[in-house]
Amino acid sequence: MLSKYNIFLDDYKIMFNTLTGYAIRLTDEEMEKLKKGEVPEELKDIIEEGFSATFDEFLQKFRKEVLEPTLVLTYRCNFDCVYCFQKAFRNNSSVSDKVVRGFIKYVRTNAKGRKVRVTYFGGEPLLELGKIKEISTQLSDLKYSFSIVTNGSLLTRHVFEELKSLGLTHVQITLDGPKEVHDKRRYFVGGKGSYDIILKNLKEIQDEVNVVLRVNIDVNNLDSFRDLLKDLKQNGITKVRLDPHLVHDNVFRNEYWDYTFPKDEEGEILVKLWETAKDEGFEIPQDVFRLGLCVAHFDEDIVVDPFGNIYPCWAFTGNPLYVKGYLTEDGDVVIYEKLSGQRALNLWKKCKDCPYMPLCLGGCRFFSVLNKKGFDGIDCRKKSYEAIMKLLKYFV
């Protein structure tokens with residue numbers, strides 16, 4: 001039986017399954033038969049393997065092989081970015097020893113022989129370098145590795161070498177355009193630009209760690225995306241994985257959110273950004289079509305802040321209205337049902353007949369809140385997904 005999650009791209013003669021990620025190029029005759037629910041004899045094996053699964057079957061088979069908790073080490077930052085969603089609650093907090101002890105105990109109790117990948121978040125997490133080293137040392141006997149979401153200014157070669165020896169495998173760093181654009185958006189407290197120091201640090205680490213280079217895009221810097229890529233190439237920075245990300249509105253609003261794109265234009269804008277990247281020699285990662293499971297769906301992948309508060313995901317951190325639970329010093333976790341991962345995961349049933357459902361599972365919980373639909377609302381991005389499907393032509 002054909003899956004309800006098969007997408008047909010007539011212009012490219014491609015069928016794609018949003019649940020399994022399988023894609024196949026078809027002849028005109030095969031395309032017409034499959035649209036009618038008829039499976040050509042020569043395609044029966046691949047259809048059964050990649051184009052017939054139901055979401056219930058997927059959930060029954062799904063088992064998370066990696067424990068992926070996040071620790072917000074501080075709400076302090078050495079930057080003062082124009083669009084920062086943490087402006088309203090930035091403070092001088094540092095993760096307490098009590099929370100560190102609880103976090104370490106939690107990881108040790110819940111690893112259960114699996115790999116452990118911790119993400120350190122902030123604020124600027126490298127302001128708490130000592131805590132990263134302390135936790136990493138104490139978890140070193142596990143199958144442990146970690147990533148850092150950092151502005152990149154403090155990730156010098158010396159710091160990188162220290163962290164690499166303790167298990168650092170992935171880094172997310174942000175550049176918002178070439179120097180003249182970036183420095184007007186992402187600058188140090190006091191106003192000094194950050195582009196040159198980030199570029200220097202990137203050059204020194206890109207060969208030895210997986211770098212996700214995030215580019216926050218809005219109407220002010222959309223046209224400079226290609227210039228950034230050319231600048232990166234000129235500086236020999238070609239081994240990073242790009243992540244163009246459209247700036248969105250936020251719960252803690254300020255005047256900068258007036259520069260965001262209309263929701264119904266986001267898909268086409270992302271397609272143009274990725275095609276620009278490909279044109280400049282950068283890869284389009286296959287997970288632009290990734291399954292929509294995220295940390296908000298898994299209660300065991302806690303996102304805990306310096307005070308021990310647990311949130312559904314990174315985007316909610318610091319907002320007292322969306323504290324999901326708390327972590328105790330003994331490593332125990334209390335989760336409030338109204339924001340639980342299972343509650344978020346169950347939302348897919350409201351969209352079960354949409355062919356794009358496996359890509360979003362009812363949409364992002366944070367976007368639903370922003371759109372005043374509440375944590376349990378549906379944030380439909382079908383139009384964006386329809387546009388992004390055009391990128392499949394580069395993979396099949």
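Everything below is about the structure shown above.
None of these values were measured; they are calculated from a predicted model.

What counts and what doesn't
- Residues numbered from 1 in each chain as written.
- Predicted model: local features only at pLDDT ≥ 70, side-chain atom pairs only at ≥ 80, totals over all residues.
- Heavy atoms only, no water.
- Helix = DSSP H or I, 4+ residues; strand = E, 2+ residues; numbered from the N terminus.
- Rg over C-alpha atoms; globule rule 2.2 N^0.38 Å.
- Buried < 20%, exposed > 50% of the residue type's maximum accessible area, 1.4 Å probe, protein only.
- Contact = heavy atoms within 4.5 Å.
- Areas by Shrake-Rupley, 256 points an atom, 1.4 Å probe, with all protein chains shown as cover.
- Polar contact = N/O pair within 3.5 Å; in protein donor to acceptor, adjacent residues only side chain to side chain.
- Expected span 1.5 Å × (residues − 1).
- Patch = residues over 30% accessible without salt bridge, like charges linked within 9 Å, V, L, I, M, F, W, Y side chains within 5 Å.
- Salt bridge = Lys/Arg side-chain N within 4 Å of Asp/Glu carboxyl O.
- Pairing = 2+ DSSP bridges.
- Axes fitted to C-alpha atoms, helices over the stretch in contact; angles between N-to-C directions.

**A word on the overall build of the chain**
- Across its full length, the chain holds 14 helices and 14 strands.
- Against the compact-globule benchmark of 21 Å for 396 residues, the chain has a radius of gyration of 22 Å, which places it among compact chains.
- Considering the chain as a whole, with its 396 residues, one finds that 53% of them fall into the buried category.
- Nonlocal contacts in the chain, meaning residues at least 24 apart in sequence, comprise 70% of its contacts between residues at least 6 apart.
- Total accessible area on the chain is roughly 18100 Å²; 49% of this is exposed by carbon and sulfur atoms.

**Some points on unusual backbone geometry**
- In the segment running from Gly122 into Gly123, the intervening peptide bond is cis, with an omega of 15°.
- Secondary-structure assignment places Gly123 in the loop between strand S6 (115–121) and helix H5 (129–138).
- A positive phi angle, close to 55°, is found at Lys13, a residue other than glycine.
- For Lys13, the location among the structural elements is in the loop between strand S1 (6–9) and strand S2 (14–17).
- The exposure class assigned to Lys13 is partly exposed, which follows from its relative accessible area of 28%.

**A short note on the side chain of Thr18**
- Its location among the elements puts Thr18 in the loop between S2 and strand S3 (23–25).
- Taking the relative accessible area as the measure of exposure, Thr18 reaches 2% and is therefore buried.
- From its side chain, Thr18 meets the backbone oxygen of Pro355 in a polar contact 2.6 Å long.
- In contact with Thr18, other than residues within four places in its own chain, are Tyr5, Ile7, Leu291, Pro355, Tyr356, Pro358 and Leu359.

**Quick notes on helix H4 (residues 97–111)**
- Compared with an ideal rise of 1.5 Å per residue, which puts 15 residues at 21 Å, H4 spans 21 Å between its outermost C-alpha atoms and is within 8% of the ideal.
- Those residues of H4 that sit buried are Val99, Val100, Gly102, Phe103, Ile104, Tyr106, Val107, Asn110 and Ala111.
- Downstream of H4 by one or two residues, Lys112 has phi in the positive range, about 50°.

**Regarding a nonpolar patch on the surface**
- On the surface, Tyr326, Val334 and Tyr336 cluster together into a nonpolar patch covering about 240 Å² of accessible area.
- Mapped onto the elements, Val334 comes out in strand S14 (residues 333–335).
- Of the residues examined, Val334 reaches a relative accessible area of 30% and is grouped as partly exposed.

**Looking at the sheet that holds S2**
- Strand order in this open sheet of three strands is S1-S2-S3, and the pairing throughout is antiparallel. Sheet topology places S1 and S3 at the edges, where each strand pairs with a single neighbour. When strand polarity is set aside, the average angle formed by the axes of neighbouring strands in this sheet is 15°.
- Sheet topology note: the S1/S2 ladder contains four bridges and is antiparallel. Bridge pairing in S2 places Leu9 opposite Ile14.
- The strands touched by helix H1 (residues 28–35) within the sheet are S1 and S2, with S1 carrying the most contacts at an inclination of about 140°.

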